[in-house]
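Structure at a glance
These are the residues of each chain, in order.
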Amino acid sequence: MGRDDELARVLDKLLLFIYSLIILAASIAFLAASAGVIAEDSALDFVREELYGGWGVRTAVIIVSAVILLISLRFLYVALRRGGGAAPSIDQRTEFGDIRISLETVENLALKAASRHRGVQDLRARIRVTDAGIDIPALSEEIQRSVRDHVEEITGIPVANVAVYIANIVRTQTFKNRVE
């Protein structure tokens, strides 16, 4: 996570705290007025005098309302943006804590392991998460074993299946040694 993301998270937490305090105060005031703790006439008279009588309270109400509006818009943006943008991942709980590995990371590990084999080129990997582990539908038993071992060694996640699809075979030219 970058420094900007971390700063945005801290700012979002601060905004949520301020927003919660404002909503808490408004809720207490409405509950008190509804329960009769504050007389309705007194509350209405106070609001009329302060809002229509002087600029100080009116300005404060405008500022607080604008802040609530801006915070609400920020939370709406964050909710909509992060709702569909979360990267798919594999979550594991270990004795030391939680581990979260993105599927893109596991795909890259599979590609790295398969690319180590001579003659393999133009690779693609696709990862599916199953109850038995992760499934990698993507040349020979050796590549399957290599991919499985590499991914399991790095992530600690059992690989259920490594499927290999060979789209094309390119023969390399072999030259015989000539002695003249």
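Summary of the structure given here. (Residues numbered from 1 in each chain as written. Predicted model: local features only at pLDDT ≥ 70, side-chain atom pairs only at ≥ 80, totals over all residues. Heavy atoms only, no water.)

On to the side chain of T155, then. Tracing the backbone through its elements, the reader meets T155 in helix α5 (residues 141-155). Look at T155 and you get buried, because its relative accessible area is 9%. Of the polar contacts made by the side chain of T155, one reaches the backbone oxygen of V151; its length is 2.7 Å. There is a polar contact of 3.2 Å between the side chain of T155 and the backbone nitrogen of I157. Apart from the residues within four sequence positions on either side, T155 is in contact with Q92, I101, V106 and L109. (Helix = DSSP H or I, 4+ residues; strand = E, 2+ residues; numbered from the N terminus. Buried < 20%, exposed > 50% of the residue type's maximum accessible area, 1.4 Å probe, protein only. Polar contact = N/O pair within 3.5 Å; in protein donor to acceptor, adjacent residues only side chain to side chain. Contact = heavy atoms within 4.5 Å.)

As enumerated under the stated definition, the model contains 1 aromatic pair in all. Aromatic side chains Y19 and F75 sit 5.6 Å apart centroid to centroid with 85° between the ring planes, which places their arrangement in the edge-to-face category. Taken together, the residues span a long stretch of sequence, with Y19 in helix α1 (residues 3-35) and F75 in helix α3 (residues 55-85) at a distance of 56 residues. When its relative accessible area of 23% is taken as the criterion, Y19 is described as partly exposed. (Phe/Tyr/Trp six-rings, centres within 6.5 Å; stacked < 30°, edge-to-face > 60°.)

Between helix α4 (residues 103-115) and α5, whose axes approach to 8 Å, the crossing angle comes to 135°. The angle between the axes of α4 and α5 places the two elements in the oblique class. As for the relative orientation of α4 and α5, their crossing is right-handed in sense. The segment α4 lies against α5, with V106, L109, A110, K112, A113 and A114 engaging I143, S146, V147, H150, V151, I154 and T155. Of the residues that constitute the contact of α4 with α5, the class distribution is 9 nonpolar, 3 polar and 1 charged. (Axes fitted to C-alpha atoms, helices over the stretch in contact; angles between N-to-C directions. Parallel < 35°, antiparallel > 145°, perpendicular 65-115°, else oblique. Left-handed = near helix turned anticlockwise from the far one by under 90°. Nonpolar A, V, L, I, M, F, W, Y, C, P; charged D, E, K, R; others polar.)

Another point: a nonpolar patch on the surface. Residues L11, L14, F17, I18, L21, L24, I28, I63 and V67 make up a contiguous nonpolar surface patch of about 800 Å² in total accessible area. Among the elements of the structure, α1 and α3 are those that each provide at least two residues to the nonpolar patch. Per element, the largest residue contribution to the nonpolar patch is 7 residues, and it comes from α1. Within the element layout of this structure, V67 appears in helix α3. (Patch = residues over 30% accessible without salt bridge, like charges linked within 9 Å, V, L, I, M, F, W, Y side chains within 5 Å. Areas by Shrake-Rupley, 256 points an atom, 1.4 Å probe, with all protein chains shown as cover. Salt bridge = Lys/Arg side-chain N within 4 Å of Asp/Glu carboxyl O.)

In terms of nonpolar packing, the biggest core is built from 16 residues, with I90, V106, I143, V147 and V151 touching the most fellow members. Looking at this core, the elements with two or more residues in it are α4, α5 and β5 (159-163). When residues in this core are grouped by element, the largest group, 6 residues, is from α4. (Core = buried A, V, L, I, M, F, W, Y, C linked by side-chain atoms within 4.5 Å.)

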